[in-house]
Amino acid sequence: MSLLEILRFAGRGVTTNKLRSALTMLGILIGVAAVILLVAVGNGSAQAVNRSIEALGTNTITVSSTARGATTPSALTVDIAQSLRDSALAPDVRAVSPVVSTAPTMTHAGTEHPVAQFLGTYPTYFGSSNSPLAAGAAFTDQDVAQSRRVVVLGRTVATELFADTDPVGQQVTVGGALFTVVGVLAEKSSASGFSDPDDLAVAPLTAVQQALTGYGPVNSILVEATGPDRVDAAQQQVTQILNQRLRLPAGTTATGRGGGGGAGAAPYRIQNAAQLLATRTETAQTFTVLLGTVAGISLLVGGIGITNIMLVTVTERTREIGIRKALGAPRRTILTQFLAEATMLSVLGGGLGVAAALIGSRFTIVGVQPVIVPSSVALALGVSVAIGLFFGSVPASRAAGLRPIDALRYE
Amino acid sequence: MTLYLVDGAHRATEAPDRPVLDIRGLTKVYGQGEATVHALRGVSLSIAAGDYVAIMGSSGSGKSTLMNILGCLDVPSAGTYRLDGVDVSRLDDARLALVRNRRIGFVFQSFNLIPRTSAVANVELPLAYAGVKPAERRRRALAALDMVGLAGRADHEPNQLSGGQQQRVAVARALVTEPALILADEPTGNLDSRSTEEVLAILDQLHAAGRTIVMITHETDVAARARRLVTLFDGRITTDVRQGGAR
Ligand SMILES: Nc1ncnc2c1ncn2[C@@H]1O[C@H](COP(=O)(O)OP(=O)(O)OP(=O)(O)O)[C@@H](O)[C@H]1O
Ligand SMILES: [Mg+2]
């Protein structure tokens, strides 16, 4: 009997038992699609986190206040920020931008938009935070000195308020004050997962203080080092100056995770982009592992489903194998047929699963644009095809080894 | 057809009275300990080419057990079985498959059709394993179904056929390869008198064409059609007589 004929027999076997074939393929399909898609979601969110941190700039240091009360003497002020700009004590600091942050509602011609971050800062912020402008121009030091009410919009804010028209030169109302739009930031990333980095507006520090926040302490200070390799040195220099200014005992440290409570803890937190990246990447990895586990479980459940269907049909198929043997089918022909059947089912199911995952990955899922990990495709496909092949062919090979009469009597 | 050529070659080199089937001291024991069943207790039988043998005996006397061994579907616990002078226990799986496919047409007591597969596909199966081309296969399968009066039911699946119709599909499947040896385990067990007559007519034809036939039956008038009547009782042959045959 030729191989082609055996394959035709296998095809007939698949189509004859439609329900069984469909269920088997469905089990494999779901397992494969779930693994690929969930891993892709985890990977997508990790990449989004990386992108948003890279967008922040890699040679920046963020000093943020941890003091609760806004007017406590230890809080960060514009004065303190300016003291960091010291070529003798802090030679590795290139730029310092104090930042006040609020979240008001912006309006233009009846359109409202609650902006996520409305920042008041210095023009150096644009360079330090790696935020180039797409249209118009940034405000200047002069604007800051004169508290001019001008504002640079993030992509999201611009689209929300102005739709397709050019916002530059238009006016927006923020908390009762009129601001003139002078520029629009370039888009940072399409979808970042947790928060939209384009949902912000940046205005001169003094203007924001005057119109919105008052002349209190600032929320954070963005420090730019002279180069990526000078970040650590700059961080040390900044820490020293801050400790001096805030009259903290020498040696007080306030790096990323230490900034909670406890004796000798500083009232501020200082983090560089690398640390930020590490923390967030860790979170994203945990997320991916979690999703991977869920996916693995669904693959397992799919596998158990397949196994169950295969085992239920063993009795019937063993009898069928007995009949075929009695009619003179050689063992090898039977094995080839059943192996081909199992291969068709699992490869077809796996292929459809990959297709389903590829289609699914084109949509954003819970705000994350999934990014397919090739190795997860190989793994999911490999495991499910292996399960399909194993449980499809092992009972068959056992039955093919039986005497025809024993296979016929199998119950 | 190759089958006849092989047959011819055999006949040319063998003594004319050389038996096709030859069994010596065959026993079959099922189970162990308390549950041991001696289905066959030493059966010796020799059947010549072209003979037409009926086997009778009460239920549980070991008829099916004997038939399964003759059909190379089962192996005896002890004793020898020679088919065309060849000791069957020496044959490997591939050769046994060849013997079952080319030499023997087996009709099961319980039909054993493949479920959810059309009658004609069931009948085609032995031809497929013999390597016959699909078109030729279909033609011969339809001819065999026509012979048992089921041409109109070719596309029906087993569960759409009556017991008697399934039985006749099973007979057609055994005949379709035109085997030299036909082993039928109660081929008329589920049939009415008219269908029984049809099936017996087919067996008569095959006998006339020189095939060797061994048939199990419970009915004396069916057994009367054979040339030789063997009676089994409790795993032993009690009588073995030649008879004229009804026609
Ligand atoms: N697989 C088996 N395991 C154990 N005992 C068996 C098995 N097959 C048959 N037997 C026993 O062997 C004996 C002979 O069985 P067999 O099927 O050969 O009877 P039979 O003559 O064909 O009967 P019937 O006319 O009812 O078909 C019976 O007692 C039966 O119980
Ligand atoms: Mg029986």
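What counts, and where the lines are drawn
Residues numbered from 1 in each chain as written. Chains lettered and ligands numbered in written order. Predicted model: local features only at pLDDT ≥ 70, side-chain atom pairs only at ≥ 80, totals over all residues. Heavy atoms only, no water. UniProt positions renumbered as here; feature names shortened; annotations may be inferred. Helix = DSSP H or I, 4+ residues; strand = E, 2+ residues; numbered from the N terminus. Buried < 20%, exposed > 50% of the residue type's maximum accessible area, 1.4 Å probe, protein only. Contact = heavy atoms within 4.5 Å. Areas by Shrake-Rupley, 256 points an atom, 1.4 Å probe, with all protein chains shown as cover. Axes fitted to C-alpha atoms, helices over the stretch in contact; angles between N-to-C directions. Parallel < 35°, antiparallel > 145°, perpendicular 65-115°, else oblique. Left-handed = near helix turned anticlockwise from the far one by under 90°. Nonpolar A, V, L, I, M, F, W, Y, C, P; charged D, E, K, R; others polar. Pairing = 2+ DSSP bridges. Near = heavy atom within 4 Å. Polar contact = N/O pair within 3.5 Å; in protein donor to acceptor, adjacent residues only side chain to side chain. Donors = N, O, S within 2.8 Å, 3.2 Å for Na, K, Ca; no water. Buried area = accessible area lost by both parts, 1.4 Å probe. Salt bridge = Lys/Arg side-chain N within 4 Å of Asp/Glu carboxyl O. pLDDT = per-residue confidence, 0-100.

Naming follows an unreviewed UniProt entry, where chain B appears as ABC transporter ATP-binding protein of Micromonospora endolithica.

Looking up chain A in an unreviewed UniProt entry gives the name FtsX-like permease family protein, with the organism given as Micromonospora endolithica. For chain A, the Sequence similarities (unreviewed entry) comment in UniProt is given as "Belongs to the ABC-4 integral membrane protein family." The UniProt entry for chain A carries the following text under Subcellular location (unreviewed entry): "Cell membrane".

Enquirer: What is the right way to look at the overall build of chain A in this model?
Expert: Within chain A, the secondary structure is distributed over twelve helices and twelve strands. When each of the 411 residues of chain A is scored for burial, the buried share is 48%. Of the contacts formed within chain A by residues at least 6 apart in sequence, a portion of 77% connects residues at least 24 apart. Carbon and sulfur atoms form 59% of the exposed surface of chain A, whose accessible area is close to 18800 Å².

Enquirer: Sorry, what's going on with the packing of helix H1 (residues 3-16) of chain A against helix H10 (residues 331-360) of chain A here?
Expert: The axes of two packed helices give the description: the angle between them and the distance between them. All names here are of chain A. Two numbers describe how H1 lies on H10: the axes approach to 8 Å, and their chain directions differ by 55°. As summarised for this structure, H1 and H10 are arranged oblique, according to the angle between their axes. For the pair H1 and H10, the sense of crossing is right-handed. Here Leu 3, Ile 6, Leu 7, Phe 9, Ala 10, Gly 11, Gly 13 and Val 14 of H1 lie close against H10, whose contacting residues are Thr 333, Thr 336, Gln 337, Ala 340, Glu 341, Met 344 and Leu 345. Its residues assigned to classes, the contact of H1 with H10 comprises nine nonpolar, five polar and one charged.

Enquirer: I keep staring at the sheet that holds strand S9 (residues 228-233) of chain B and nothing clicks. Help me out?
Expert: Strands pair in a sheet through their backbones, by hydrogen bonds, and they do so in one of two ways: parallel or antiparallel. All names here are of chain B. Here we have six strands laid out as an open sheet, ordered S6-S7-S8-S3-S9-S10, and mixed in their pairing. Only two strands of the sheet have a single neighbouring strand rather than two, namely strand S6 (104-107) and strand S10 (236-242). This sheet shows a mean twist of 15° between the axes of neighbouring strands, independent of strand direction. Sheet topology note: the strand S3 (residues 52-57)/S9 ladder contains five bridges and is parallel.

Enquirer: Explain the site of ligand 1 to me, please; I cannot follow it from the model alone.
Expert: By nearness alone, 15 residues border ligand 1, and Ser 59, Gly 60, Lys 63, Ser 64 and Thr 65 of chain B come closest of all. Each of chains A and B places residues near ligand 1. Ser 64 of chain B places a side-chain nitrogen or oxygen 2.7 Å from an oxygen atom of ligand 1. In this structure, His 218 of chain B approaches ligand 1 through a side-chain N or O atom, which is 3.1 Å from an oxygen atom.

Enquirer: Can you walk me through the coordination of the magnesium ion (ligand 2) in this structure?
Expert: Tetrahedral coordination by four donors sets the ideal angle at the metal to 109.5 degrees; octahedral coordination by six donors sets it to 90 or 180 degrees. All names here are of chain B. Protein ligation of the magnesium ion (ligand 2) involves Ser 64 (OG) and Gln 109 (OE1), the donor distances falling in the range 1.9 to 2.3 Å. Of the two residues, Ser 64 sits in helix H2 (residues 63-70) while Gln 109 sits in the loop between S6 and helix H4 (119-129), which places them 45 residues apart along the sequence. The class for Ser 64 is partly exposed, based on a relative accessible area of 23%. Here Gln 109 falls in the partly exposed class, since its relative accessible area comes to 38%.

Enquirer: Could you clarify how one ought to interpret the interface of chain B and chain A in this entry?
Expert: Accessible area lost upon the coming together of the parts is a frequently used measure of interface size. Contacts between the two partners involve 26 residues from chain B and, on the opposite side, 26 residues from chain A. When the two sides are added together, the surface that chain B and chain A hide from each other amounts to roughly 2300 Å², 58% of it contributed by carbon and sulfur. As a salt-bridge pair, Glu 5 of chain A and Arg 137 of chain B come within 2.9 Å of each other at their nearest N and O atoms. Elements represented by at least two residues in the side of chain B that touches chain A include exactly helix H3 (93-102), H4 and helix H5 (134-147) of chain B. With five residues, H4 of chain B is the largest single contributor of residues to the side of chain B that touches chain A. In the side of chain B that touches chain A, the residues fall into 16 nonpolar, four polar and six charged.

Enquirer: It is not clear to me how the confidence of the model for chain A should be interpreted in this structure. Could you clarify?
Expert: The predicted coordinates should not be examined in detail at positions where pLDDT is low. Residues and elements named next belong to chain A. On average, residues of chain A score 83 in pLDDT, and 90% of them are at 70 or above. Per-residue pLDDT, averaged within each element of chain A, yields its smallest value for helix H9 (residues 273-326) (79) and its largest for strand S7 (residues 150-153) (94). For the stretch residues 256-264, pLDDT sits under 50, and the model shows seven contacts to residues farther than four places along the chain or on other chains.

Enquirer: I would appreciate a short explanation of the packing of helix H6 (residues 163-175) of chain B against helix H7 (residues 193-208) of chain B in the present structure.
Expert: Residues and elements named next belong to chain B. Where H6 meets H7, the closest approach of the two axes is 12 Å, and the angle between their N-to-C directions is 10°. On the basis of their axis angle, the class for H6 and H7 is roughly parallel. Where H6 abuts H7, its residues Arg 168, Val 171 and Leu 175 lie against Ser 195, Glu 198, Val 199, Ile 202 and Leu 206.

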